[in-house]
Amino acid sequence: MKIRDILQSIKSFGTTAAGTNSNTDFQQLLAREVAASATAQPVAATAAASAAGRVPAPLRLQGLELTETTINTLDSFSAALGNTALKAEELEPYVTALEEDVAALLEAKNQMPGNDPLAKLLDRVATVSYLETAKFRRGDYA
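In this report, the structure presented in the accompanying data block is examined.

The rules behind the values
Residues numbered from 1 in each chain as written. Predicted model: local features only at pLDDT ≥ 70, side-chain atom pairs only at ≥ 80, totals over all residues. Heavy atoms only, no water. Phe/Tyr/Trp six-rings, centres within 6.5 Å; stacked < 30°, edge-to-face > 60°. Helix = DSSP H or I, 4+ residues; strand = E, 2+ residues; numbered from the N terminus. Buried < 20%, exposed > 50% of the residue type's maximum accessible area, 1.4 Å probe, protein only. Expected span 1.5 Å × (residues − 1). Arc of directions from axis to C-beta. Contact = heavy atoms within 4.5 Å. Polar contact = N/O pair within 3.5 Å; in protein donor to acceptor, adjacent residues only side chain to side chain.

## As for the packing of aromatic side chains
For any pair of aromatic rings, the description rests on two quantities: the centre-to-centre distance and the angle between the ring planes.
Then, in step 1: Enumeration over the complete set of coordinates arrives at two aromatic pairs.
Then, in step 2: Ring centres 6.4 Å apart and planes at 80 degrees place the aromatic pair Phe77 and Phe136 in the edge-to-face group. Taken together, the residues Phe77 in helix 4 (residues 57-82) and Phe136 in helix 6 (residues 117-138) connect sequence positions 59 residues apart. As far as the burial class goes, Phe77 and Phe136 line up, both buried.
Then, in step 3: Chaining the aromatic ring pairs together yields one cluster made of Phe77, Tyr94 and Phe136.

## Structural notes on helix 6
Then, in step 1: If you check helix 6, its first and last C-alpha atoms are 32 Å apart, about what 22 residues at 1.5 Å a residue would give, namely 32 Å.
Then, in step 2: Within helix 6, burial applies to Leu118, Ala119, Leu122, Val125, Ala126, Ser129, Glu132, Thr133 and Phe136. Viewed end-on, helix 6 has its buried residues packed into an arc of 155 degrees, placing them on one side of the element. Facing away from the buried side of helix 6 by over 90 degrees, the exposed positions are Pro117, Arg124 and Arg138.
Then, in step 3: Looking at the packing, one finds that the buried side of helix 6 touches helix 4 and helix 5 (92-110).
Then, in step 4: At the N-terminal end of helix 6, a side-chain oxygen is found 3.1 Å from the backbone nitrogen of Leu118, two or three residues along, and the residue is Asp116.
Then, in step 5: Gly139 lies just past helix 6 and shows a positive phi near 105 degrees.

## A look at helix 4
Then, in step 1: With 26 residues, helix 4 should cover 38 Å at 1.5 Å per step; its first-to-last C-alpha distance of 38 Å lies within 8% of that length.
Then, in step 2: Listed in full, the buried residues belonging to helix 4 are Leu59, Gly63, Leu66, Thr67, Thr70, Thr73, Leu74, Phe77 and Ala80.
Then, in step 3: Looking at the buried positions of helix 4, the neighbouring elements they touch are helix 5 and helix 6.

Quick look at the structure:
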């Protein structure tokens, strides 16, 4: 008895009150949504990515190499700071290299658009490197 009630409700579910098939309503709804999505505005991230694509590949490669070199120098400097046997004068080559890296990073960053993700990365690495050199020059690591 219950199965008959369920089957009866399933048969009536496929039609609307007007007696039309609900599949056509779905197809019309789908067609309207597809048409609406075709006229949608591009996503902001897409616009930013296309703006970032205008940076020449050699400049991007140079920026990435500078970033990697600076991070490696920061790692070496950190390890040298952990070695208590080293004197402050022996840390000078690391600090000088970091100062040169900061100048190169900022030069590369200035050649890129401000909204470029790589320019933001270069700026962050340059900032951290500058802070470490400033701490050393100030005498924090003496």
